[in-house]
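Listed below, chain by chain, are the residues.
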Amino acid sequence: FKTDRPVSSGINAEWPLRPGWWSINGERLGTYNGHNGAVWDMAVSSDSTKLLSASADQSCIVWDSETGKILHQLEAKSPVRSCGFSLTDNILCFTTDKAMGQPCFVKFFDIRDKEQVQSNTPFQDIQIEDSKVNRMIWGTVEDYIITGHENGQICQYDWKTGERLRVDHSHDALIKDLQLSKDRTMLITGSKDTTAKLFDAKTFQFLKSYKTDRPVNSAAISPIKHHILLGGGQEAMEVTTSHTKSGKFEARFFHLIFEEEIGRVKGHFGPINTLAFHPNGKQYSSGAEDGYVRIHDFDQSYYDFEYDF
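Below you will find a few notes about this structure. Remember, it's a predicted structure, so these values are computed and weren't measured experimentally.

Parameters at a glance
- Residues numbered from 1 in each chain as written.
- Predicted model: local features only at pLDDT ≥ 70, side-chain atom pairs only at ≥ 80, totals over all residues.
- Heavy atoms only, no water.
- Helix = DSSP H or I, 4+ residues; strand = E, 2+ residues; numbered from the N terminus.
- Polar contact = N/O pair within 3.5 Å; in protein donor to acceptor, adjacent residues only side chain to side chain.
- Phe/Tyr/Trp six-rings, centres within 6.5 Å; stacked < 30°, edge-to-face > 60°.
- Buried < 20%, exposed > 50% of the residue type's maximum accessible area, 1.4 Å probe, protein only.
- Lys NZ or Arg CZ within 6 Å of the ring centre and 35° of its normal.
- Pairing = 2+ DSSP bridges.
- Axes fitted to C-alpha atoms, helices over the stretch in contact; angles between N-to-C directions.
- Core = buried A, V, L, I, M, F, W, Y, C linked by side-chain atoms within 4.5 Å.
- Contact = heavy atoms within 4.5 Å.

Let's talk about the environment of Thr-185
Move 1: Relative to the helices and strands, Thr-185 is located in the loop between β17 (175-180) and β18 (186-191).
Move 2: The spatial distance from the C-alpha of Thr-185 to the C-alpha of Phe-199 is 8.7 Å, given a sequence separation of 14 residues.
Move 3: Within the structure, Thr-185 has its side chain in polar contact with the side chain of Asp-183 (distance 2.8 Å).

This is the structure we're talking about:
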């Protein structure tokens, strides 16, 4: 799938018209018109009926995913960096940047409450005093959220009370990605410090570390194999000054348990910004600065592969 702008978080990072395609044949379905700035994050409800998007235009939009109609548009006082639906899809959360004289906030709305949404008044508003939030996802259960910060720390917050429950300082640079395993028990992080780390999603117990020689922009856990998928590459501003091979834009597979690299997939000629496994584990998708979203099908040799130890 080709766009004319870099792809970030599975969408176009600098294009307010957010395209959708059939994953089978690449046919373009249409666009979501509404944002007037870079779109940094998105989330889909569990029943796929709603789409949530976070934008630098200081808004978070809830869309009807089938028709592209805007259901709710929530305004903020600074750019909206990340967003997500709760497990029941009743609560939405988004985070704002520390910018324009405003602190970083994590805001919560109950979309069942029309008055709350129409008045743009969150029922919970957590102010982040230290490093701003760059990524946010809901936790193992609906009791807490997990945040990844600019200074490399990851945190758990109780969204009902606003209390910070846990904090981990294993990373020492910007957190670029947070993803959970299929059963939501493990958390994988991707960081600008060139590592990805695996944690127990509930306790933040450190489990494994995957070391690369480039910033890790995205990390995903296979739903069917003991595999970790990492993507990243040289900084985007430096891409035009180097050869594709030196940019190191491959997707890299690591063994989840043994922490060793087991394979690479080439194709992109810009840093990979986002990765995701298909729920059935038979495909993965990647989005990059080169403006392409690629869907990769695994061949039989992938399923036959056994790690030699």
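Describing the packing of aromatic side chains
Move 1: Tallied over the full model, the rule gives 20 aromatic pairs.
Move 2: The interplanar angle of 70° and the centroid separation of 5.4 Å between the aromatic rings of Tyr-32 and Trp-63 together place this pair among those described as edge-to-face. Separated by 31 residues along the polypeptide, Tyr-32 in strand β4 (residues 28-32) and Trp-63 in strand β7 (residues 59-64) bring together distant segments of the chain. Of the two residues, Tyr-32 and Trp-63, both sit in the buried class.
Move 3: With a centroid separation of 6.4 Å and an interplanar angle of 45°, the aromatic rings of Phe-108 and Phe-123 are classed as tilted. Of this pair, Phe-108 sits in strand β11 (residues 104-110) while Phe-123 sits in the loop between α1 (114-118) and β12 (124-128), and the two are 15 residues apart along the sequence.
Move 4: For Phe-123, a relative accessible area of 36% corresponds to the partly exposed category.
Move 5: One aromatic cluster in this structure is built from Phe-253, Phe-277, Tyr-284, Phe-298, Tyr-302 and Tyr-303.
Move 6: Over the aromatic face of Phe-105 sits the side chain of Lys-107, whose NZ or CZ is 4.8 Å from the ring centroid.
Move 7: A cation over a ring is seen here: Lys-225 above Tyr-302, with NZ or CZ 5.8 Å from the ring centre.

Here's the deal with the pairing of β18
Move 1: In terms of burial, β18 is a largely internal element, five of the six residues being buried.
Move 2: In this structure, β17 lies alongside β18, joined through five bridges in antiparallel fashion. Looking at β18, one finds that Leu-180 is bridged to Leu-187.
Move 3: Across five bridges, the pairing between β18 and strand β19 (residues 195-200) is antiparallel. When the sheet's bridge partners are listed, Thr-189 is paired in β19 with Lys-197.
Move 4: Linking two consecutive strands that pair antiparallel, namely β18 and β19, is a turn of three residues; a positive phi of about 75° is found at Thr-194 within it.

Brief notes about the side chain of His-35
Move 1: In this structure, His-35 sits in the loop between β4 and β5 (39-44).
Move 2: With a relative accessible area of 2%, His-35 lands in the buried category.
Move 3: At a separation of 3.0 Å, a polar atom in the side chain of His-35 contacts the side chain of Asp-57.
Move 4: A polar contact of 3.3 Å, which involves the side chain of His-35, links it to the side chain of Ser-59.

Some remarks on the sheet that holds strand β16 (residues 164-168)
Move 1: Ordered by their spatial adjacency, four strands build an open sheet running β13-β14-β15-β16, and the pairing between neighbours is antiparallel. Two strands lie at the open edges of the sheet, namely β13 (133-138) and β16, each paired on one side alone. Between one strand axis and the next, the sheet turns through 20° on average, direction left out of account.
Move 2: Where β13 and strand β14 (residues 144-149) come together, five bridges link them in antiparallel fashion. Looking across to β14, one finds that Met-136 is bridged to Thr-147.

Some details on the nonpolar core
Move 1: Core analysis: the largest hydrophobic core is formed by 15 residues, its most contacted members being Leu-52, Cys-60, Leu-74, Phe-85, Leu-92 and Phe-94.
Move 2: For this core, the leading source of residues is strand β9 (residues 80-85), giving three residues.
Move 3: Among residues more than four places away in sequence, those in contact with Phe-94 are Cys-60, Leu-74, Ala-76, Val-80, Ser-82, Cys-83, Phe-105, Val-106, Lys-107 and Phe-109.
Move 4: Membership of the second largest hydrophobic core comes to 14 residues, among which are Ile-126, Trp-138, Cys-155 and Tyr-157.

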